[in-house]
Amino acid sequence: LYTSVTTYYFLIGSLVTIVISTFSNELLRLVGGNKEYLEAYKVVPFVMFGYLFYGVINIITVGIYMQRKLGYYVYIFCFSLLVNVILNYLFIPKFGYMAAAYITLITYVVLASFSFVVSNTFYKIHIEGKRLLQILASGLFVLIAGNVGAPDSILHAALFKSVLILSMLVFGYFFILNRNEKDIIHGWLGRRV
């Protein structure tokens, strides 16, 4: 159960994160108004992926809950806080707001990883590493291609990025989902159509 929930969480969460991050430039250009804020689209993917990793903590720490070792959260969060403060102190003065975005992602990845390792000492959860890697890699490909290859026109950029996201969905359907998951989707669509 926890293996599947973790995979589905990353599957759905990555899709939402990729869609918002991919279109953040166009959204800010449409509603941002002030030109100084248009560069903010660059921080969106890092912060969104950071919160995606932060959200998985509630799923992957089942061992801590089951063994009622909630005190370990204090150590885990204090360690992550220390990592965050040190990185902020070292890099924000030199690199500004982009460093803060990177540090947010790094901190939440460290927090999730440390939580997973500690929780797994109490209750082992198998993570589908290959599928998670495929999900994250296809999402990163869309983000990079969407930012590097997008035309200047908002309409053309939106169309280009929509095709990239559609490609990611097709890739996910054929290469990430298993036969049982495809059957569930077919059954659900069959009842709706």
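Below, the structure is looked at part by part. (Residues numbered from 1 in each chain as written. Predicted model: local features only at pLDDT ≥ 70, side-chain atom pairs only at ≥ 80, totals over all residues. Heavy atoms only, no water.)

### Here's the deal with the overall build of the protein chain
Stated formally: Runs of E in the DSSP output that reach at least two residues are strands. Runs of H or I that reach at least four are helices, and both are numbered from the N terminus. In this scheme, a residue with accessible area under 20% of its type's maximum is buried, one over 50% is exposed, and one in between is partly exposed, where area comes from a 1.4 Å probe on protein chains only. Here, two residues are considered to be in contact whenever any of their heavy atoms come within 4.5 Å of each other. Where accessible areas are quoted, they stem from the Shrake-Rupley method and a 1.4 Å probe; at the residue level, only the protein chains shown are allowed to cover.
Within the protein chain, the secondary structure is distributed over nine helices and zero strands. The order of α-helices and β-strands along the protein chain, N terminus first, is α-α-α-α-α-α-α-α-α. The buried share of the protein chain, taken over its 193 residues, is 36%. Within the protein chain, residue pairs in contact and separated by at least 24 positions form 76% of the contacts whose partners lie at least 6 positions apart. Of the accessible surface of the protein chain, which amounts to about 11,700 Å², a share of 71% is contributed by carbon and sulfur atoms.

### Considerations on the nonpolar core
As a rule of thumb, soluble globular proteins bury nonpolar side chains together. Operational definition: To define a nonpolar core, start from buried Ala, Val, Leu, Ile, Met, Phe, Trp, Tyr and Cys residues and group those joined through side-chain atoms within 4.5 Å.
Counting 27 residues, the largest nonpolar core has Phe-10, Ile-18, Phe-49, Phe-53, Val-56, Ala-112 and Val-142 as the members making the most contacts within it. Listed by contribution, the elements that provide at least two residues to this core are helix H1 (2-31), helix H2 (44-55), helix H3 (57-60), helix H5 (71-95), helix H6 (97-120), helix H7 (129-148) and helix H8 (154-176). Non-local contacts of Val-56, meaning those with residues more than four positions away in its chain, are made with Thr-6, Tyr-9, Phe-10 and Ala-112.

### Some points on the packing of H1 against H7
Condition: Simply put, an axis is a line fit to the C-alpha atoms, just over the touching stretch for a helix, and the angle between two N-to-C directions goes from 0 to 180 degrees. Any angle between 65 and 115 degrees counts as roughly perpendicular, while under 35 counts as roughly parallel, over 145 as roughly antiparallel, and the rest as oblique. Under this grouping Gly is polar, as are all residues other than the nonpolar Ala, Val, Leu, Ile, Met, Phe, Trp, Tyr, Cys and Pro and the charged Asp, Glu, Lys and Arg.
The interhelical angle for the contact between H1 and H7, taken along N-to-C directions, is 5°, at an axis separation of 10 Å. Regarding the angle of H1 to H7, the classification is roughly parallel. For the pair formed by H1 and H7, the contact residues are Thr-6, Thr-7, Tyr-8, Phe-10, Leu-11, Ser-14, Ile-18, Ser-21 and Thr-22 on the first element and Arg-131, Leu-132, Ile-135, Leu-136, Gly-139, Leu-140, Val-142 and Leu-143 on the second. Looking at the contact of H1 with H7 residue by residue, the classes come out as 10 nonpolar, six polar and one charged.

### A closer look at the side chain of Thr-22
Structurally, the position occupied by Thr-22 is in helix H1. Filtering out sequence-adjacent residues up to four positions away, Thr-22 remains in contact with Val-142, Leu-143, Lys-161 and Ile-165.

### Some details on the layout of surface pockets
What counts, and what does not: With a 1 Å grid laid over protein atoms only, a set of points is called a cavity when a 1.4 Å probe fits there but cannot get out and a pocket when it is open yet has protein on both sides within 12 Å along at least five of seven lines; lining residues have an atom within 4 Å of a point. Grid points are joined across faces, edges and corners, and a volume is the space filled by probe spheres set on the points.
In this model, the largest pocket occupies a volume close to 420 Å³. Elements represented by at least two residues in the lining of the largest pocket include exactly H1, H7, H8 and helix H9 (179-192). Looking at the lining of the largest pocket, its residues break down into 13 nonpolar, four polar and one charged. Roughly 280 Å³ of internal volume is contained in the second largest pocket. Along its surface, the second largest pocket is lined by 13 residues, and Pro-45, Phe-46, Phe-49, Leu-140 and Leu-143 are the ones closest to its centre. Mapped by element, the contributors of at least two residues to the lining of the second largest pocket are H1, H2 and H7. When residues of the lining of the second largest pocket are assigned to their parent elements, the largest contribution, five residues, is made by H7. For the lining of the second largest pocket, the per-class residue count stands at nine nonpolar, three polar and one charged.

### Points about the side chain of Ser-119
In this fold, Ser-119 is placed in helix H6. Here Ser-119 is in contact with Ile-60, Thr-61, Val-62, Gly-63 and Ile-64, once residues within four sequence places are set aside.

### Re the packing of aromatic side chains
Applicable threshold: When the centres of two rings from Phe, Tyr and Trp lie within 6.5 Å, Trp using its six-membered ring, the rings pair. Their planes under 30 degrees apart give stacked, over 60 give edge-to-face, and anything left gives tilted. Geometrically, a charge over a ring is one whose NZ (Lys) or CZ (Arg) sits within 6 Å of the ring centre while staying within 35 degrees of the ring normal.
As enumerated under the stated definition, the model contains 15 aromatic pairs in all. Ring geometry for Phe-79 against Phe-114: centres 5.1 Å apart, planes inclined by 55°, an arrangement best described as tilted. Of this pair, Phe-79 sits in helix H5 while Phe-114 sits in helix H6, placing them 35 residues apart in sequence. Exposure remark for Phe-79: the relative accessible area of 40% places this residue in the partly exposed category. By way of ring pairs, the aromatic residues Tyr-9, Phe-10 and Phe-53 are connected into one cluster. The ring of Tyr-173 is capped by Lys-182, whose NZ or CZ atom sits 5.1 Å from the centre of that ring.

Purely spatial values, then, with no claim about function.
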